[in-house]
Amino acid sequence: MLGATGQIGRAAVRALAEDGWEVAAASHGGGRDGTWDDGVRTVALDREEEGALAAALGDGCDVLVDMVAFGQAHAAQLAGLAGLVGSAVVISSGAVYEDDRGRSFDTQGEPDGFPEYPVPIPEAQRTVAPGDATYGTRKIALERELLAIGDALPVTLLRAGAVHGEHCRTPRELYFVKRLLDGRRRRVLAYGGESRFHPVHASNVAELIRLAALRPAPRVLNAGDPQAPTVAEIGAAVDDVFGLKTETVLMAGAPPEGGVGETPWSGAHDVVYDMSAAEQELGYRPVTGYAPSLPQTVAWLTAQLEGRDWRRAFPKMARVYGEALFDYAAEDAWLEEYDRRV
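Keep in mind that what you see is a predicted model, and the values were worked out from it rather than measured.

K.L.:
How should the overall build of the protein be read in this particular structure?
P.N.:
Within the protein, the regular secondary structure consists of twelve helices and ten strands. Its C-alpha radius of gyration of 21 Å places the protein within 12% of the 20 Å reference for a compact globule of 342 residues. If one aligns the C-alpha atoms of the protein with their principal axes, the spans along those axes are about 70 × 45 × 35 Å. Here the protein, with 342 residues, has 54% of them falling under the buried criterion. Sequence-distant contacts, at least 24 apart, represent 75% of the contacts inside the protein between residues at least 6 apart. Total accessible area computed for the protein in this model is approximately 15,100 Å², and 48% of it derives from carbon and sulfur atoms.

K.L.:
Hey, could you run me through the packing of aromatic side chains in this one?
P.N.:
Two aromatic rings are characterised by how far apart their centres lie and by the angle between their planes. Within this structure, the stated rule accounts for twelve aromatic pairs. With 5.2 Å between their ring centres and 85° between their planes, Tyr175 and Phe176 make a pair best called edge-to-face. The pair formed by Tyr175 and Phe176 is uniform in burial state, with each residue classed as buried. Centre to centre, the rings of Trp310 and Phe326 are 4.9 Å apart; their planes meet at 75°, and the pair counts as edge-to-face. Of this pair, Trp310 sits in helix 10 (residues 310-313) while Phe326 sits in the loop between helix 11 (315-321) and helix 12 (328-341), and the two are 16 residues apart along the sequence. Each member of the pair Trp310 and Phe326 is classed as buried. Joined through ring pairs, the aromatic side chains of Tyr175, Phe176, Trp310, Phe326 and Tyr328 make up one cluster. Here the basic side chain of Lys139 rests over the ring of Phe70, its NZ or CZ set 4.2 Å away from the ring centre. Lying across the ring of Phe326, Lys178 places its NZ or CZ 5.3 Å from the centre.

K.L.:
Mind showing me how you'd approach the pattern of salt bridges here?
P.N.:
Any two side chains of opposite charge can pair, so long as their charged atoms come close to each other. Here the structure, examined in full by the defined rule, presents 23 salt bridges. The partner of Arg10 in a salt bridge is Asp33, and the shortest N-O contact between them spans 2.7 Å. Remark: Asp33 occurs in the loop between strand 1 (24-27) and strand 2 (41-44) and Arg10 occurs in helix 1 (residues 7-18); sequence separation between them is 23 residues. Among the charged side chains, a salt-bridge network with shared partners connects Asp99, Arg101, Arg103, Asp112 and Glu116.

K.L.:
I keep staring at the packing of helix 5 (residues 174-181) against helix 9 (residues 290-305) and nothing clicks. Help me out?
P.N.:
The description of two packed helices rests on the angle between their axes and on the distance between the axes. Running from N to C, helix 5 and helix 9 point in directions that differ by 60°, and their axes come no closer than 10 Å. In this view, helix 5 runs oblique relative to helix 9, as classed from their interaxial angle. The crossing of helix 5 and helix 9 is right-handed. On helix 9, the residues touching Leu174, Val177, Lys178 and Leu181 of helix 5 are Val298, Leu301, Thr302 and Leu305. Here the residues of the contact of helix 5 with helix 9 are counted per class, giving six nonpolar, one polar and one charged.

K.L.:
Where do I start with the environment of Asp132 in this structure?
P.N.:
Examined against the element boundaries, Asp132 turns out to sit in the loop between strand 4 (85-93) and helix 4 (135-147). Considering only alpha carbons, one finds Asp132 and Asp240, 108 residues apart in sequence, at a separation of 42 Å. Sequence-distant contacts of Asp132, defined by excluding residues within four places in its chain, comprise Thr137 and Arg138.

K.L.:
For this particular structure, what's the right way to read helix 12?
P.N.:
Counted at 1.5 Å a residue, the expected span for helix 12 with its 14 residues is 20 Å, and the 20 Å between its end C-alpha atoms agrees. Buried within helix 12 are the following residues: Tyr328, Glu331, Trp334 and Leu335. For helix 12, the angular spread of buried residues about the axis comes to 125°, placing them on one side. When the buried face of helix 12 is taken as reference, the exposed residues oriented beyond 90 degrees from it are Ala329 and Arg340. Each element contacted by the buried residues of helix 12 is listed here: helix 5, strand 7 (186-189) and strand 10 (247-250).

K.L.:
Teacher, can you tell me more about the sheet that holds strand 9 (residues 219-223) here?
P.N.:
What links the strands of a sheet is backbone hydrogen bonding, and the strands pair in either a parallel or an antiparallel sense. Read from one edge of the open sheet, four strands run 3-4-5-9, paired in parallel fashion. Edge positions in the sheet fall to strand 3 (61-66) and strand 9, since each of these pairs with one other strand and no more. The average undirected angle you get between the axes of adjacent strands in this sheet is 20°. Two elements, strand 4 and strand 5 (residues 155-160), share six bridges in a ladder whose sense is parallel. Counterpart to Ile91 in the pairing with strand 5 is Leu158.

K.L.:
Explanation requested: the side chain of Arg184 in the structure shown.
P.N.:
Tracing the backbone through its elements, the reader meets Arg184 in the loop between helix 5 and strand 7. Engagement of the side chain of Arg184 in a polar contact is seen with the side chain of Glu331, the distance being 2.8 Å. With near-sequence residues (within four places) excluded, Arg184 lies in contact with Arg179, Tyr328, Glu331 and Asp332.

K.L.:
When you look at the pairing of strand 3 in this model, what are you seeing that I'm missing?
P.N.:
Each regular strand carries side chains that alternate between the two faces of the sheet. Summarising the sheet, strand 3 and strand 4 pair through five bridges and their orientation is parallel. Along strand 4, the bridge assignment pairs Leu64 with Ala88. Handedness of the crossover is the feature at issue here: the chain leaves strand 3, passes through helix 3 (residues 71-79), returns alongside strand 4, and the resulting connection is right-handed.

K.L.:
I keep staring at the nonpolar core and nothing clicks. Help me out?
P.N.:
Nonpolar side chains tend toward joint burial in soluble globular proteins. In this structure, Met1, Val13, Val65, Met67, Leu158, Leu208 and Ile209 are the most contacted members of the largest nonpolar core, which totals 37 residues. Put simply, the parts of the chain that give this core at least two residues each are helix 1, strand 3, strand 4, strand 5, helix 6 (202-214), strand 9 and helix 8 (276-282). No other element matches the eight residues that helix 6 contributes to this core. In this structure Val65 touches Met1, Leu2, Leu16, Val89 and Ile209, once residues within four positions along its chain are discounted. Ile121, Ile234, Val238 and Val271 belong to the second largest nonpolar core, which has 32 residues in total.

About the thresholds
Residues numbered from 1 in each chain as written. Predicted model: local features only at pLDDT ≥ 70, side-chain atom pairs only at ≥ 80, totals over all residues. Heavy atoms only, no water. Helix = DSSP H or I, 4+ residues; strand = E, 2+ residues; numbered from the N terminus. Rg over C-alpha atoms; globule rule 2.2 N^0.38 Å. Buried < 20%, exposed > 50% of the residue type's maximum accessible area, 1.4 Å probe, protein only. Contact = heavy atoms within 4.5 Å. Areas by Shrake-Rupley, 256 points an atom, 1.4 Å probe, with all protein chains shown as cover. Phe/Tyr/Trp six-rings, centres within 6.5 Å; stacked < 30°, edge-to-face > 60°. Lys NZ or Arg CZ within 6 Å of the ring centre and 35° of its normal. Salt bridge = Lys/Arg side-chain N within 4 Å of Asp/Glu carboxyl O. Axes fitted to C-alpha atoms, helices over the stretch in contact; angles between N-to-C directions. Parallel < 35°, antiparallel > 145°, perpendicular 65-115°, else oblique. Left-handed = near helix turned anticlockwise from the far one by under 90°. Nonpolar A, V, L, I, M, F, W, Y, C, P; charged D, E, K, R; others polar. Expected span 1.5 Å × (residues − 1). Arc of directions from axis to C-beta. Pairing = 2+ DSSP bridges. Polar contact = N/O pair within 3.5 Å; in protein donor to acceptor, adjacent residues only side chain to side chain. Right-handed = clockwise from strand over helix to strand, strands pointing away. Core = buried A, V, L, I, M, F, W, Y, C linked by side-chain atoms within 4.5 Å.

Set out below in structure tokens:
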């Protein structure tokens, strides 16, 4: 498995080992998760080093699971393993989808740029053009190259939703958890708190990987939780974990300049993935739901934040979302004006 010590990789190694597979867990540092079975073999591997992946495979393997593949170069690398690898399971992303007007995750910062997808989004929904410019265009380039191999190397591509759970580098729940830890008991949610961005727990992706490993075929499948809660429901669920009550002020429409009311889950239109193909083709049944998984996620987040600035605890989160994520001064100013109006 490539990318074994990442968020999904940790859960996938555990699921495959528990299912009886002999697992070689490869990562840059060759690290090990404390929850893995002792039989899991760890490998330090840099896939960008020419010939290193093929050398690590030795006489080959039944299934190669790749968490960290992007673009045509990695697709070509995997294609070159046909004959050495029986099948593959590769993580893609829901970011590959575009709506019927050509809007996608890449256009969200533009005027009227929020995509308006069908609800739910089937795998047959149109996708962005392949290329090297963005995360989504690199993922679709990867997909197309791998699907073109066909039965010579059957690859299952999993289009993951908003991944959540422990070990996440950009945990969206941080928006709510940090506010509660900081003693904030009012929050503002844009779009009336109704935004939905389909989550998927790492253990549910791991279950899809486990099932796909048993049923190799060239295919693309969505990867999502059984529920797609609204952002207001997510905030309320986090409150429940803490045993606290927060007043939620609902803002109609988009957030103002400065981003008050905008969360990592916010959007003008719903993003919900159709999971029926995974259910029919793999017999997929999720192992957890959003709310049941939250206590463990919140406990992990709280531990990561203890005695640390959030930007040091989650540097990628800070780079992606910026200081506005916790601009309490701007939020308080907006609430003061709101209170005067009502």
